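Here is what each chain is made of, one letter per residue.
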Amino acid sequence: MKKIGIGLIGCGTVGSGLIRNLPKADALIGQRLGVQLEIKSIAVRDPAKSRDPLPTKPIQDWKKLIADPAVQIVVELVGGLDEAFQIAEATLHAKKPLVTANKALLAERGQELIPLAQKSGVPIYFEASVAGGIPVLKALREGLVANQLLGLHGIINGTSNYILSRMAEAGSDFATALQQAKDLGYAEADDRLDVDGVDAAHKAAILCFLAYGFLPKFSEIPIEGIRKIQSQDVGFASQLGYAIKLLAMIRPVGTDQIEVRVAPTLLPLRHPMASVHGAFNAVGLIGNLSGPVQFTGRGAGPDATSSALLADLAEAVKNLRDHSPGPALPKPSAKMKLIDRNASVGRFYVRIEVEDRPGVLAQVAGIFGTEKIGISSVLQPEGRGAGSVPLVFLLESAPASSLQRAVDLISKLPNTRAPATILRVEDLT
């Protein structure tokens, strides 16, 4: 049986998981494709570091790995941007297929990397970069290729979803739920990528590219994390019939604009995505032919990521076996652009802390009316003895710019006690 040599650069949690799961998966790949995978070289930053047994002695110089004629496919798992880009660039120049789980590399350096891959005629496989073991990228490239996509949405960061789930189910505050996520290994010591929405935005950019052939400039994507979410917001959302999720939204606006954003969002409790709990991920989309489709599964962890990496490796060896060029990356669209964030239109949840006095509700409602923003629901809990009370509004669809003007006016009222908390609301079909 023909063997294909693999070079692995990076051997942390994900790389170790790939090595651990490769033998069993390789037997299946051999049965199904008639080709076997064999790790020929491993490059790590510190070869002397104590590790579980490896299939080959590690080296430090990844350039030697790429140049090794026994290595036919390179797997990049170092993470980060600069060194990862150098590895990807060298791999493509060497005319060797690249497999990567690095969503930051694709989202932030894709403007350089994708043209290089297209020019060199070498495929990049990156199923593991979005939603772990959920094969959503392959579904976009293949299963839904005949569909015009009317929009995508997803819970694509398991750490944030775990935190929000704990806040909803156990009544935990944000700090407690975050610490539980760290204790369980769902959150890193430096939690900013997950909690502040950056990780989800990386994945949203990749989904946008595959769905619409447009890779947005990462710095222009509106990103909000979940640090501002309080347990009272989770409770009020539930009373209104909603759950709060960190949601990535990608949808076309007209013929030449795309809205891409990541923000904590109220979803109707009746919607299937509202019941995605813990560290699980979900991606939903609407095709003009397929209608609504949702994928749910484990979005992180060494086993789930290994599943995606091994699927990419299987596809790569099949294409090498068949002398096929591999999957073509979408040709970037020159006419598409991101919608201005102030031009975004949607529904909103607004919580305002005000002095507990008669007439305040009417004042606030009047300002929303002046900006032509309708009110769907209002919650006005009884005073808590501290002289202030939350007013909670569920608003009808309005431009984000109109909402901001209204909130600015409300903040200047003498009875307003704190800045407004504003969350998106999506009534997904």
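Residues numbered from 1 in each chain as written. Predicted model: local features only at pLDDT ≥ 70, side-chain atom pairs only at ≥ 80, totals over all residues. Heavy atoms only, no water.

**Q** So what's going on with helix α7 (residues 174-183)? Residues and values would help.
**A** Burial in α7 covers these residues: Phe174, Ala177, Leu178 and Ala181. When α7 is viewed along its axis, its buried side chains cluster within an angular range of 100 degrees and face the same direction. Facing away from the buried surface of α7 by more than 90 degrees, the exposed residues are Ala175 and Asp183. Next to the buried residues of α7 lie α6 (158-169) and α8 (192-195). (Buried < 20%, exposed > 50% of the residue type's maximum accessible area, 1.4 Å probe, protein only. Helix = DSSP H or I, 4+ residues; strand = E, 2+ residues; numbered from the N terminus. Arc of directions from axis to C-beta. Contact = heavy atoms within 4.5 Å.)

**Q** Tell me about the packing of aromatic side chains, residues and numbers included.
**A** For the coordinates displayed, the defined rule picks out two aromatic pairs. Ring centres of Tyr162 and Tyr186 lie 5.0 Å apart, and the angle between their planes is 50 degrees; on these two criteria the pair is classed as tilted. Residue Tyr162 is located in helix α6, and its partner Tyr186 is located in the loop between α7 and α8; the two are separated by 24 residues in the primary sequence. A cation over a ring is seen here: Lys63 above Trp62, with NZ or CZ 5.9 Å from the ring centre. When the ring centre of Phe85 is taken as reference, the NZ or CZ atom of Arg109 above it lies at 4.1 Å. (Phe/Tyr/Trp six-rings, centres within 6.5 Å; stacked < 30°, edge-to-face > 60°. Lys NZ or Arg CZ within 6 Å of the ring centre and 35° of its normal.)

**Q** Outline the pairing of strand β10 (residues 291-298), listing residues and values.
**A** Alignment of strand β9 (residues 280-287) against β10, held across eight bridges, turns out to be antiparallel. Of the residues in β10, the one forming a bridge with Val283 is Phe295. In sequence, β9 turns back onto β10 through a hairpin of three residues. (Pairing = 2+ DSSP bridges.)

**Q** If you had to explain the packing of helix α5 (residues 136-143) against helix α9 (residues 198-212) to someone new, which residues and values would you point to?
**A** α9 packs onto α5 with a crossing angle of 10 degrees between their chain directions and a minimal axis gap of 9 Å. Considering the angle they form, α5 stands roughly parallel to α9. Residues Val136, Leu137, Leu140 and Arg141 of α5 pack against Ile206, Leu207 and Leu210 of α9. (Axes fitted to C-alpha atoms, helices over the stretch in contact; angles between N-to-C directions. Parallel < 35°, antiparallel > 145°, perpendicular 65-115°, else oblique.)

**Q** Summarise the environment of Ile373; cite the residues concerned and give the values.
**A** Tracing the chain through its elements places Ile373 in the loop between α12 (360-370) and β13 (375-379). According to the relative accessible area criterion, Ile373 is buried, its value standing at 5%. Setting aside anything within four residues of it in sequence, one finds Ile373 in contact with Phe368, Leu395, Glu396, Ala398, Ser402, Leu403 and Ala406.

**Q** I'd like to hear about helix α1 (residues 13-33), residue by residue, with values.
**A** For α1, spanning 21 residues, the distance from its first C-alpha to its last is 28 Å, which sits close to the expected 30 Å at 1.5 Å a residue. The largest bend in α1 is about 50 degrees, located at Leu22, with the proline Pro23 one to four residues further on. When we look at burial in α1, the residues that qualify are Gly15, Gly17, Leu18, Ile19, Leu22, Ala25, Asp26, Ile29, Gly30 and Leu33. Residues of α1 that are buried sit in contact with β1 (2-9), β2 (35-43), β3 (73-76) and α11 (302-321). Where α1 ends, the next residue or the one after it, Gly34, has phi of about 70 degrees, a positive value. (Expected span 1.5 Å × (residues − 1). Bend = angle between axes of the 7 residues up to and from the residue.)

**Q** Outline the sheet that holds β2, listing residues and values.
**A** With parallel pairing, the five strands of this open sheet are ordered in space as β2-β1-β3-β4-β5. Of all strands in the sheet, those bounded by a partner on one side alone are β2 and β5 (124-125). As paired elements, strand β4 (residues 98-100) and β5 share two bridges and run parallel to each other. Each bridged residue has a counterpart across the sheet, and for Leu98 the counterpart in β5 is Ile124. Sitting on the sheet, helix α3 (residues 82-93) touches β1, β3, β4 and β5, and the angle it makes with β3 is about 170 degrees.

**Q** Could you give an account of the side chain of Asp233, naming the residues involved and the relevant values?
**A** Tracing the backbone through its elements, the reader meets Asp233 in helix α10 (residues 231-239). Classification of Asp233 as buried rests on a relative accessible area of 0%. Ignoring any residue separated from it by four or fewer positions in sequence, one finds Asp233 in contact with Lys228, Ile244, Tyr349, Arg351 and Thr421.

**Q** Got a sec to walk through the pairing of β1? Specific residues and values, please.
**A** For β1, the buried fraction is high: six of the eight residues fall into the buried class. Here eight bridges tie β1 to β2, and the two strands are oriented parallel to one another. In the sheet register, Lys2 faces β2, and the bridge partner there is Val35. As for the winding sense of the linkage, the β-α-β connection from β1 through α1 to β2 is right-handed. Two strands pair when backbone bridges link them, and β1 and β3 are joined in this way by four bridges, in the parallel orientation. (Right-handed = clockwise from strand over helix to strand, strands pointing away.)

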